[in-house]
Amino acid sequence: MRTAIDPPTHTPRRPLPQLYYLNMYKYMPTPSPVAVSWLLVEFVVLMALRAGSEGTFRFHIAGADTFLGSLIIDIVFYVLSIGAPCFILRFPGYLGPSIYLPWCLYQLAVNPIMIAVGLQLDGRKEQLEIELSEGLLLLAVAVAACMALVGFAVSIAFMNHGYRKTFLGRLSFQQYNVELWASRTWAPIGKGLDASRAEVITFSRFYWPPNDQVKVWLEPNWDEWVAAPPQWFTSSFVKRIAAEAPPEVLPLAVLQGLAEKHSGKAVGQEDSSTRQLSFVASTRQPSSRQFATTSREELVQ
């Protein structure tokens, strides 16, 4: 027989920490289909507005302009716009000035409507999940909206006067690039109109100026750049022109060089890496005799 002072035959085991966290999930509210649908509709509308303003939903940075990359960046833009709409989102290529300010005002105006919808849906349940009164919730939303407006007004008041008009701009990123293409004479890669245009070409091809403007710039100057390369006329620039520019934009010398490399590939003379390197070298040499008399129209076809 066991007495009162006998030790227990076994020590009780403490519950595993994992079980504690699993039990917590039972008390977490499940996402409302209405809330999820609301967020999805807002995201689609924002992406459509951005695509309508820019002409495409693709991101403006080359390499991040793929379909998946642009979609992820659009999701980030949406999350920032509803949580922390920092001023950088007004830049062309992000949300843009024509979308940023109206979207921020919409987010402030829609909050009371979302509160009303949430209270309406909660009132249909047997056990209410919202314990605060409707008046207190609306008061909190009104105070938060006033604080946001005051913060915006203070930022505008202490901002450089020249930047205030950027909140009411109308240019998309492509339109901004067209303006830079025509007038800017300085860029991080060099000075002069040509250096500025070469820097514009480094952006995503979806935001280049119209093809006829790019062709008028490349065609008459290419041979001169090959003979005396400017600082910005690098192998990376040549590769980007050859890979991204439409065939009708490429200078005749580049088309002839590409045709020569393509014909070499057909007979197995070069692999892909050799062709890429030799193409850059061929831009600094006279065109091949094989395609020297071939017209632009024939090469494009």
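Residue indices begin from 1 for each chain and proceed along its sequence in written order. Totals for whole chains, interfaces and linings use every residue, but because this is a predicted model, local features are given only for residues with pLDDT of at least 70 and side-chain atom pairs only at 80 or more, for both listing and counting. Side-chain measures were taken over the full set of non-hydrogen atoms in the model, leaving aside hydrogen atoms and water.

Enquirer: For the packing of aromatic side chains, give the residues involved together with the corresponding values.
Expert: Geometry of an aromatic ring pair is reported as the spacing of the ring centres plus the angle between the planes. Note on aromatic pairs: the rings of Phe, Tyr and Trp (six-membered ring only in Trp) are paired at centre separations within 6.5 Å, and the planes decide the class, stacked below 30 degrees, edge-to-face beyond 60, tilted for the rest. Across all of its chains, the model carries 25 aromatic pairs by this definition. With a centroid separation of 6.1 Å and an interplanar angle of 80°, the aromatic rings of Trp232 and Phe233 are classed as edge-to-face. A single burial state applies to Trp232 and to Phe233, both of which are buried. Taken together, Trp181, Trp217, Trp222, Trp225, Trp232, Phe233 and Phe237 form an aromatic cluster joined through their ring pairs. Geometrically, a charge over a ring is one whose NZ (Lys) or CZ (Arg) sits within 6 Å of the ring centre while staying within 35 degrees of the ring normal. Between Arg90 and the ring centre of Phe167, over which it is positioned, the NZ or CZ distance is 4.4 Å. Sitting over the ring of Phe206, Arg205 keeps its end group 4.4 Å from the ring centre. Here's how the labels work: a residue is buried when its accessible area is under 20% of the maximum for its type, exposed when over 50%, partly exposed in between, all with a 1.4 Å probe on protein chains only.

Enquirer: Provide a residue-level description of the nonpolar core, including the pertinent values.
Expert: Take the buried Ala, Val, Leu, Ile, Met, Phe, Trp, Tyr and Cys residues and link them wherever side-chain atoms come within 4.5 Å; each set so joined is a nonpolar core. Counting 23 residues, the largest nonpolar core has Trp217, Trp222 and Phe237 as the members making the most contacts within it. To qualify as a helix, a DSSP run of H or I must reach at least 4 residues; to qualify as a strand, a run of E must reach at least 2; elements of each kind are numbered from the N terminus. Those elements giving two or more residues to this core turn out to be helix H7 (173–183), helix H8 (193–201), helix H9 (211–227), helix H10 (235–244) and helix H11 (252–266). Ranked by residue count, the leading element in this core is H9, at six residues. If near-sequence neighbours (up to four positions away) are discounted, Phe237 is found in contact with Ala198, Ile201, Trp217, Trp222 and Trp232. Counting 15 residues, the second largest nonpolar core, distinct from the first, contains Tyr78, Trp103, Cys104 and Met159. Note on definitions: a residue-residue contact is assigned when non-hydrogen atoms from the two residues lie within 4.5 Å.

Enquirer: Would you mind going over the environment of Trp225 in detail, with residue names and values included?
Expert: In this structure, Trp225 sits in helix H9. Look past the residues within four positions of Trp225 in its chain and what remains in contact with it is Asp194, Trp217, Leu218, Pro230, Trp232 and Phe233.

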